[in-house]
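An overview of the molecular structure
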Amino acid sequence: MEKLLDVLSACLGQAFEDCGYDRSYGKVTVSNRPDLCEFQCNGALAAAKAYHKAPVKIAEEVVGQLGGAEAGSEKENIWQETAVAAPGFINLKLDADFLSGWLGSMAEDEKLGCQTEEKPQTIVIDYGGPNVAKPLHIGHLRSAIIGESIKRICRFAGNRVIGDVHLGDWGLQMGLIMQAVKEEQPSLPYFDPDFTGEYPEEAPFTIGELEEIYPAASARAKEDEEFSRRAHDTTYRFQNGDRGLRALWKQIIRVSVTDLKENYRRLNVDFDVWYGESDAQPFIPPMIERMKEEGYARESQGALVVDVAEETDTKEVPPCILVKSDGATLYATTDLATIVQRVEEFDPDAIIYLTDKRQNMHFTQVFRASRKTGLVDDHVKLVHIGFGTMNGKDGQPFKTRSGGVMRLEYLIREIEDAVYRRIMENRTMEEDEAKKTAAVVGLAALKYGDLSNQASKDYVFDIERFASFEGNTGPYILYTIVRIKSILAKYRANFGEEAEKQASLTAPILPAAGEAERRLQLCLAQFGETIDAAYQELAPHKICQYIYELANAFNQFYHGTKILAEESEERRESYIRLITLAKRVLETGIDLLGFSAPDRM
Ligand code: ARG
């Protein structure tokens, strides 16, 4: 199905052309003065300059052309009102039959009028980015939430999308853990150079212990130079293939990944591949060799670097360091090698990264270095979405009450509790169901609270506001869906299952009878456009904005309309079809955001 604005623009474009102007002036947009009209075209103002004519004159000619269409032609069918407003705006109002007909086609369409890429792209999305053995904290939360939504949006548009968690499983952090384990339990076979047997199947720690080991070891290394040196040494030996350390490393990964998967499952976040930084390591030596041979890498104070500064830079972009003077490779080296790996395995058209915006410079360097050294073809898009910080009400990065960084599990529990209290306040739901519902609604509160902000902005995390059933919140959207579900259930109870099926699947949608219904219809018709914009701009907040408007439009319609008590059968069935469409649109919207609705709340 085409986009509504494209169809409307084509109609206006034709009218411009018929009057002797270029059809590109026919661009139609949603009105920014909804009190005056629904859509508008400002093309006459631009055409006035090009054709040296008064804009009002041009607008009048075009409107005359629209009005004067042959009966039965498409043009006539689109508009109910066309008017010129000084100094040359064309104000437009859709024909009611055209609008309801449009919704009918939308309802028939599996994708509800949304576009599918003509040339599907292969897109790798690098998000989540947790570090093994470090607890998943809210610093990683936004990456998971926004990345999951962007993955779903790109996939819905028809692309082949690969979500990669890009685990932080390499480097000093692993050495610190292993060194700490060694000093705690020196007799483990992993540390015995003469051991040739099978290593134990059981890990020598639980996830709880593992999560305590890292922070302790990291703190100790800052004070105890000797320990730090030993940890570096262990890191070096593990990276260079020490058999025992490798086996222990695998245990750390296994225990940690099991826990991570459970965390992501609760967040409704799902990765296609679980590669880690370690998987990119084999690609490093040949990559560096080539960069040296081809003259891209140069030595600087014992380190190996690629210059990435550009003349137009307004702030300094330092060289990208591949190898430090002590021979160690860095975060950037791994990211470059990961690009090599991804090109080899997936041949992507785009790679999208989601991290905190504090990593902006890192990705500028990595992207420039990979283009300059030819790791990717020119057509491959490299995109970094740097998001803002989640702050507490005090405007500082969010902390627990005791001041520490909040762990994801606690955060989720807090928000679930807030929702649970609300459910229990005013409803009679069994405790068990209330708990389950609170988990579903809590996730929506959390995700919507995040996604409704433009990603690059910092935002204030406010559990009470996010969990509210009113206002621009996830629970409000879910509440609206639940309301529609309950109307449909009542309809089923009153008129029978068959009748409900028939009405919701096939009844014709009639032209709107009142203002609120009209607004609901207009809002629904703009779904395709919205999803396309969210996809083009990789901006889930556009979907939030839209479903909030839609939920408002639906609720206004609902409060002013007797849906079930409507006497005309035809109209009643049309209502059922219309609200079924609204439900599908809302459900598709929240699915693209990464959450779902309960049956009751
Ligand atoms: N593990 C990293 C961190 O915690 C994020 C990884 C992001 N992805 C990447 N390809 N660098 O900051």
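Our subject in this report is the structure included herewith. Just so we're clear, the structure is a prediction, and the values are computed from it rather than from any experiment.

Let us look at the packing of helix 22 (residues 540-560) against helix 23 (residues 569-593). In a packed pair of helices, the relevant descriptors are the angle between the two axes and the axis-to-axis distance. Taken N-terminus to C-terminus, the directions of helix 22 and helix 23 make an angle of 155°; their axes are 10 Å apart at the nearest point. When the axes of helix 22 and helix 23 are compared, the pair comes out roughly antiparallel. The chirality of how helix 22 crosses helix 23 is left-handed. For the pair helix 22 and helix 23, contact is made by Pro-540, Ile-543, Cys-544, Tyr-546, Ile-547, Leu-550, Ala-551, Phe-554 and Phe-557 and by Tyr-575, Ile-579, Ala-582, Val-585, Leu-586, Gly-589, Ile-590, Leu-592 and Leu-593, respectively. Of the residues belonging to the contact of helix 22 with helix 23, the class tally is 17 nonpolar, one polar and no charged.

Mapped onto the fold, Gln-173 is located in helix 7 (residues 172-184). Side-chain polar atoms of Gln-173 contact the backbone oxygen of Gly-168, separated by 3.1 Å. Once residues lying within four places of it in the same chain are set aside, the contact partners of Gln-173 are Asn-131, Val-132, Lys-134, Gly-168 and Tyr-214.

This brings us to the sheet that holds strand 2 (residues 39-41). Strand order across the open sheet formed by four strands is 1-2-4-3, with antiparallel pairing between neighbours. Two strands in the sheet have a free side with no partner beyond their single neighbour: strand 1 (28-30) and strand 3 (79-85). Put simply, the sheet's adjacent strands are angled 30° from each other on average, direction ignored. Relative to strand 4 (residues 89-94), strand 2 runs antiparallel, the two sharing three bridges. Note on strand 4: the bridge partner recorded for Gln-40 is Asn-91.

Core analysis: the largest hydrophobic core is formed by 163 residues, its most contacted members being Leu-8, Leu-12, Phe-16 and Ile-252. A per-element tally of this core places helix 23 first, with 11 residues. Setting aside anything within four residues of it in sequence, one finds Leu-8 in contact with Val-28, Phe-39, Ile-78, Trp-79, Leu-94 and Phe-98. Within the second largest apolar cluster, 33 residues are counted, among which are Val-273, Ile-288, Val-306 and Leu-336.

Close to the ligand lie Asp-126, Gly-129, Asn-131, His-140, His-166, Tyr-331, Asp-335, Tyr-353, Thr-355, Gln-359 and Phe-363. With respect to the ligand, the side chain of His-166 contributes an N or O atom lying 3.5 Å from a nitrogen atom. Asp-335 is positioned with one of its side-chain polar atoms (N or O) 2.7 Å from a nitrogen atom of the ligand. Here the ligand, which alone exposes 350 Å², has 87% of that area covered by the protein. Of all the elements in the fold, those that place two or more residues in the shell around the ligand are helix 13 (331-346) and strand 10 (350-356). Counted by class, the shell around the ligand contains three nonpolar, six polar and two charged residues.

Let's shift gears to the pairing of strand 4. The pairing of strand 3 with strand 4 spans six bridges and is classified as antiparallel. Considered in strand 4, the bridge of Glu-81 is made with Lys-93. What sits between strand 3 and strand 4 in their antiparallel hairpin is a turn of three residues.

This part takes up the pattern of salt bridges. By the definition in use, this model includes 41 salt bridges. Note that Glu-226 is salt-bridged to Arg-229, the shortest N-O span being 3.3 Å. One end of the pair, Glu-226, and the other, Arg-229, are both in helix 9 (residues 225-239), three residues apart, so they sit about a helical turn from each other. Taking the shortest distance from any N to any O, the salt bridge between Arg-237 and Asp-233 comes out at 3.5 Å. Here Arg-237 pairs with Asp-233, and both are found in helix 9, just four residues apart, close to one helical turn. Where salt bridges share partners, they join Glu-183, Arg-220, Asp-224, Glu-226, Arg-229 and Arg-230 into one cluster.

About the cut-offs
- Residues numbered from 1 in each chain as written.
- Predicted model: local features only at pLDDT ≥ 70, side-chain atom pairs only at ≥ 80, totals over all residues.
- Heavy atoms only, no water.
- Axes fitted to C-alpha atoms, helices over the stretch in contact; angles between N-to-C directions.
- Helix = DSSP H or I, 4+ residues; strand = E, 2+ residues; numbered from the N terminus.
- Parallel < 35°, antiparallel > 145°, perpendicular 65-115°, else oblique.
- Left-handed = near helix turned anticlockwise from the far one by under 90°.
- Contact = heavy atoms within 4.5 Å.
- Nonpolar A, V, L, I, M, F, W, Y, C, P; charged D, E, K, R; others polar.
- Polar contact = N/O pair within 3.5 Å; in protein donor to acceptor, adjacent residues only side chain to side chain.
- Pairing = 2+ DSSP bridges.
- Core = buried A, V, L, I, M, F, W, Y, C linked by side-chain atoms within 4.5 Å.
- Buried < 20%, exposed > 50% of the residue type's maximum accessible area, 1.4 Å probe, protein only.
- Near = heavy atom within 4 Å.
- Areas by Shrake-Rupley, 256 points an atom, 1.4 Å probe, with all protein chains shown as cover.
- Salt bridge = Lys/Arg side-chain N within 4 Å of Asp/Glu carboxyl O.

Nothing here speaks to function; it is all geometry.
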